[in-house]
Amino acid sequence: MSQEVEPFHAISLSRIAHGLKAQGRSILHMEFGQPSTGAPAKAIAAAHAVLDREAMGYWESAPLTARIARHYAETYGLEVAPEQVVLTCGASPALVAALASSFKPGEAIAMARPGYVAYRNVVRALGMQAVEIACDASVRFQLTARALAELEPAPAGVIVASPANPTGTIIPPDELAAIAKVCRERGIRIVSDEIYHGLAYEGATRCLAEFEPTALIVNSFSKYFSMAGWRLGWLLAPLAQAPRVRAYAENLFLTAPSLAQHAGLVAMDAREELEGHLAVYRANRERLLAALPAMGLRSIAPPDGAFYIWADIGHLTNDSLAFCERLLRDTGVATAPGIDFDPVEGRRFMRFSFAVSTSEVEDAIARMTPWFAARGG
Ligand SMILES: Cc1ncc(COP(=O)(O)O)c(C=O)c1O
């Protein structure tokens, strides 16, 4: 019998938001973690051209695996062979393939709480045990080497996420090195979700494979490359493990979409447009970090990366789902309730996603300021 998998509450709020929009209400979508921009223009042009020419059969793009291997050399100084790169339909199947190929049902996989909802749900769906490590503001909601060293018994694996969802916080390089060391000593295999790499405002995003060559690395075109609906991502596996990971990925999911692979290859060189998005997120982050404390939301972890702000609303509510729904119905600003990311403390947190335009962020601030003020913010 499979284990229970929880619903995604931000989706139910988004459904309400779309219903309100259909009634003519103006809605600002800050509930989902996806760029409101499309794929880079050059990638779209490449997709148009290839549609007329190719049959779009099952395919793994050798130019793309080679380009991703080069990305590791250029960005992190890591020597990676193209055979180590397994293309997937986004980070989600990459995570499934990483876990299924590395761990047995019943084994324990540690992860930070708060964390991305799918981590615990995928681990459970695969019959493994999700071991959530409570990470509070004192550790910027992130895993530490110390927490992993103290966990008894040692789990079989750990999912590391830096920058993280829902907080955007980055684990500093010395802490990543310490985490790698503890995992080596205790025999804990690392799966590192690096989907928010490329989106950093403070500090550096380092690849976990720099510290631990046996780590499995998950990445995607959904965030920095602004191609969420194209469904393209990858898994980087150590050379010896790559055939096994590939066998899992191919049996479970066959290949990644051919059209997306053509577009993704071009997107990897569309730096100028993509860095433009980053500049917008940076401006949005600054606007929100300035405005939220004035609304009474003082307990926030300034995000180092990604495009989220995780805010403590414990002085206002103990029911983040009802709170976010009220905010949405009253102001048209859709946000995500903390319970999606933290089943224990999430009733007193909410997440803002700022992957929208700066004018939308300014509009959201203008709508939310009187709303929070009316609640004593
Ligand atoms: C931390 C994290 N990992 C993975 C995913 C899944 O992304 P993909 O669209 O690549 O499947 C998301 C999506 O929001 C995410 O936030």
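Because the structure is predicted, anything quoted here is derived from the model rather than measured. (Residues numbered from 1 in each chain as written. Predicted model: local features only at pLDDT ≥ 70, side-chain atom pairs only at ≥ 80, totals over all residues. Heavy atoms only, no water.)

K.L.:
What is the right way to read the site of the ligand from this model?
P.N.:
Neighbouring the ligand are 13 residues; A91, S92, D193, Y196 and S220 lie closest to it. Here A91 contributes a backbone N or O atom positioned 2.6 Å from an oxygen atom of the ligand. At a separation of 2.7 Å, an oxygen atom of the ligand approaches a polar side-chain atom of K223. Burial of the ligand by the surrounding chains reaches 90%, relative to a free accessible area of 400 Å². By residue class, the composition of the shell around the ligand is five nonpolar, five polar and three charged. (Near = heavy atom within 4 Å. Polar contact = N/O pair within 3.5 Å; in protein donor to acceptor, adjacent residues only side chain to side chain. Areas by Shrake-Rupley, 256 points an atom, 1.4 Å probe, with all protein chains shown as cover. Nonpolar A, V, L, I, M, F, W, Y, C, P; charged D, E, K, R; others polar.)

K.L.:
I keep staring at the pattern of salt bridges and nothing clicks. Help me out?
P.N.:
Pairing is possible between side chains of opposite charge, provided their charged atoms come close. Taken as a whole and judged by the stated rule, the model has 19 salt bridges. Note that E132 is salt-bridged to R120, the shortest N-O span being 3.7 Å. You can see E132 sitting in strand β4 (residues 129-134) and its partner R120 sitting in helix α5 (residues 117-125), a full twelve residues away along the chain. Look at E132 and you get partly exposed, because its relative accessible area is 25%. We classify R120 as buried; its relative accessible area is 2%. Residue E210 is joined to R206 by a salt bridge in which the shortest nitrogen-to-oxygen separation is 2.7 Å. We classify R206 as partly exposed; its relative accessible area is 31%. One continuous salt-bridge network, built from bridges that share partners, spans D312, E345 and R348. (Salt bridge = Lys/Arg side-chain N within 4 Å of Asp/Glu carboxyl O. Helix = DSSP H or I, 4+ residues; strand = E, 2+ residues; numbered from the N terminus. Buried < 20%, exposed > 50% of the residue type's maximum accessible area, 1.4 Å probe, protein only.)

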